[in-house]
Amino acid sequence: MGLFERVFRGSDEMYFKAETEVNAVIAELGEDAPMTMPDTAYFLACIYAYLGKKITTLGELKAVLTDIRAMMTRENRTKSIFTSGIATAMAAEVIEACKYARTATPYEGTQYHGHFSDAEVRELGVPLVTRDIPGFVVMIGAAPSVEEAVETVKGYQSRGIFVFMIGGIIDQVHEAGVTTGFGVRCVPVGPDIWSVGHVISLVTRATMIFGATEPGDYDAFNEYTMQRIFAFVNAYAPVDDITVACGAGAIKMGFPVITNDTDDMWAVPKSLIINTNTKDWIDTSLEARDIKIKVTNIDIPVAFSSAYEGEIIRKKDMQIEMDGSRVDCVELVRTKEAHEIEDHSITLEGPDFDQFEVGAKIPIAYIVEVAGKTMQSDFEGVFERKFHSFLNCIEGVMHTGQRDMIRIRVSKASYEAGFRAKHIGEVLYAKIKSEYDTVVDKCQVKIYTDPEKVKELRAEANHIFDQRDERLKSMTDESVDVFYTCILCQAFSPSHVCIVTPERLGLCGAVSWLDAKATNELDPNGPCQIVTKTRMIDERTGRYEDVNEAVNQYSHGALEQVTLYSILEDPMTSCGCFECICGIEPLSNGVVIVNREHVGMTPLGMSFSEMASMTGGGVQTPGFMGHGKHFISSKKFLKAEGGPARIVWLPKALKEQIREKLNETAHELYGIDNFADMIADETITEDPEELLNFLTEQNHPVLGMDPLL
């Protein structure tokens, strides 16, 4: 039959399945029934991306089938198999969409994930640009054995590769008890090949969110995915025709397909790779997509990978817990002289984990002491903030918080594998030495579980933290000589540039001025470059000639000027992985802020996803602005428009998170006490008129401010 004919046959099968499903759901609900996917502002993202059409009703879904069918042409066979492959992916999206037309939660109660929310797509932004996630794999079908399925999935996880699973391999890993889910970057998408539509939807939304690619620009989407999204497919034999057709679409997007099926297949270098040795697929796949993995060997008895960063350890699965809210705990970095440190020394003072009962809450302090000719005390806090991600990468270990309010849980499975206190030290030593090798020459880790010693160390550490905080509190945009760029996100948003200042951290929330300073010291040619601030144009809006020159240079001419403190006048651009987005609420004359985790509506009549679709991809959108959570309580937040007093609505969880600092800022700027109580949230109202009534009752300061528009 031949490979080409298999693609066309598979496209036909997917199309006729889609047509059948659409006709069936219209017979049930009618053509006027709404067609929406949950928690997204991008409609049916594959169709929106490649055809530029917004599908909002079942009638529109039926009509678009004509466009999809037209792409499944056989006129130019070599060219058409790829176009037909993309059309097959859109048909797959249609099939899955029919399920969501009937209910917003078709996979509830099953082991499958189904549709990805916009928040999940954005959550991938930071680890993708930092290469903590170096790529994606879509695994289709069943591996030759359960053991090999587990070995391959864990092999990808250990290399940081995000794993999407479709079909038989899902049952195999679940049979073996492998933990799956978005948090551990190993997602069972769906049981059938058409669930691949959810993966392509994620990819196309990432292209729109981070790349600002215009819907309907077919070639631009394929160019972006090929150049900037490092994905590939593993398809286990037997591979049916529909999967072959989907593979043609994957290849068009730049994603190589590796298979052990030899039935009417022929190899295409770097695109369609036939390898009957399935145990060799990991290396084959990475090589095909030119993914190079930096491996750090750490001497611990469990796996270490960014794939475990979102792992949740439930109480029933917990062997031991260290909780700073219940017992004394602290983590600290100290700079020492080289002669005071024995490199790679890891010591424990107090009982080890195996000397405590199951479920015990124990005290812990770990002090990381470093020395280096170019080490600076300013870097200590930067290192400490990385402990969270370092320790979360340990299989079966969960870390939250920082300083003396940490919580660490160790799972029973990792404990039984031999994980003990010293292994925390091994991880911290290895990561500090590998990531900060330009400033750290020697490193040692001291771990304490003796209650009295930990109590003493906690008191000492809090004195150090207080001193640091006082220094940081006095550090303003005016008190420093330079700002810094951050262009980490340009891997996905080529024209976006963050300008990081002491009072305005990066919009992802992960890069403070000190972080940027440290990054520049560690890598002078890296993403954080010095920006002088000697030529101010306008103090009110935070406009500098120096900054304009920097953003023009580092955006490659895409951006001419920005202000640092305004949402209306040349606001800073956004890449797409911002923690929050702020938008003007006209009726109240204020601004609404919503964070990525909030899934509800806002008084703007838009969700986070819908607000976020107004910006991102390195474009300026006056009236909307992406930013980090901690920028909200900064004195420079919306300074040009009157400052934090413009805030009229926040999600309750976010308000509680920033309450203390926001109240402190409002008191200092406006003499207002308990300002957070004057701000509405979703428990009060999501309606703009009710919001205005609430603000009037609270005598909110926004009511006396000049009009924004």
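In this report, the structure presented in the accompanying data block is examined. Remember, predicted model here, so these are calculated numbers, not experimental data.

Another aspect to go through is the sheet that holds strand β4 (residues 231–235). Spatially, six strands are ordered β3-β2-β1-β4-β5-β6 in an open sheet, and the strand pairing comes out parallel. Strands with a single pairing partner mark the edges of an open sheet, and in this sheet they are β3 (186–190) and β6 (272–274). Across the sheet, the axes of successive neighbouring strands diverge by a mean angle of 20°, strand direction being ignored. Relative to β3, strand β2 (residues 162–166) runs parallel, the two sharing four bridges. Within the sheet, the bridge partner assigned to M165 lies in β3 and is P188. Running at roughly 145° to β4, helix α12 (residues 281–288) makes contact with β4, β5 (257–259) and β6 of the sheet.

With that settled, the discussion passes to a negative patch on the surface. Taken together, the side chains of E214, D217, D219 and E223 present a region of like negative charge at the surface. For D219, a relative accessible area of 56% translates into the label exposed.

With the rule as written, the count across this model stands at 21 aromatic pairs. Aromatic pair F162 and F164: ring centres 4.7 Å apart, planes at 25°, arrangement stacked. Neither residue differs from the other here; F162 and F164 are each classed as buried. Sitting over the ring of F230, R131 keeps its end group 4.9 Å from the ring centre. Positioned above the aromatic ring of Y565 is the side chain of K636, whose terminal nitrogen or guanidinium carbon lies 5.8 Å from the ring centre.

Spatially, the four strands line up as an open sheet ordered β10-β7-β13-β12, and their pairing is mixed. Both edges of this open sheet fall to β10 (360–361) and β12 (397–400), since each of them pairs with a single strand only. Where strand β7 (residues 318–323) meets β10, two bridges bridge the pair, whose relative direction is parallel. Residue pairing in the sheet places I320 in a bridge with A360 of β10. Across the sheet, helix α13 (residues 379–392) touches β12 and β13 (407–411), and the angle it forms with β12 is around 160°.

A cis amide bond, omega -5°, links A237 with the succeeding residue P238. When you line up the elements, P238 lands in the loop between β4 and α11 (241–252). If you check the backbone angles, R185 has positive phi at about 60° while not being a glycine. As for its placement among the helices and strands, R185 is situated in the loop between α8 (168–175) and β3. For R185, a relative accessible area of 10% gives the class buried. In the Ramachandran plot, D290 falls in the positive-phi region, its phi being about 55° despite a non-glycine side chain. If you trace the backbone, D290 turns up in the loop between α12 and β7.

Calculation notes
- Residues numbered from 1 in each chain as written.
- Predicted model: local features only at pLDDT ≥ 70, side-chain atom pairs only at ≥ 80, totals over all residues.
- Heavy atoms only, no water.
- Pairing = 2+ DSSP bridges.
- Helix = DSSP H or I, 4+ residues; strand = E, 2+ residues; numbered from the N terminus.
- Axes fitted to C-alpha atoms, helices over the stretch in contact; angles between N-to-C directions.
- Contact = heavy atoms within 4.5 Å.
- Patch = residues over 30% accessible without salt bridge, like charges linked within 9 Å, V, L, I, M, F, W, Y side chains within 5 Å.
- Areas by Shrake-Rupley, 256 points an atom, 1.4 Å probe, with all protein chains shown as cover.
- Salt bridge = Lys/Arg side-chain N within 4 Å of Asp/Glu carboxyl O.
- Lys, Arg positive; Asp, Glu negative; His and termini not counted.
- Charge placed at Lys NZ, Arg CZ, Asp CG, Glu CD.
- Buried < 20%, exposed > 50% of the residue type's maximum accessible area, 1.4 Å probe, protein only.
- Phe/Tyr/Trp six-rings, centres within 6.5 Å; stacked < 30°, edge-to-face > 60°.
- Lys NZ or Arg CZ within 6 Å of the ring centre and 35° of its normal.

Spatial relationships are all this shows, so hold off on functional conclusions.
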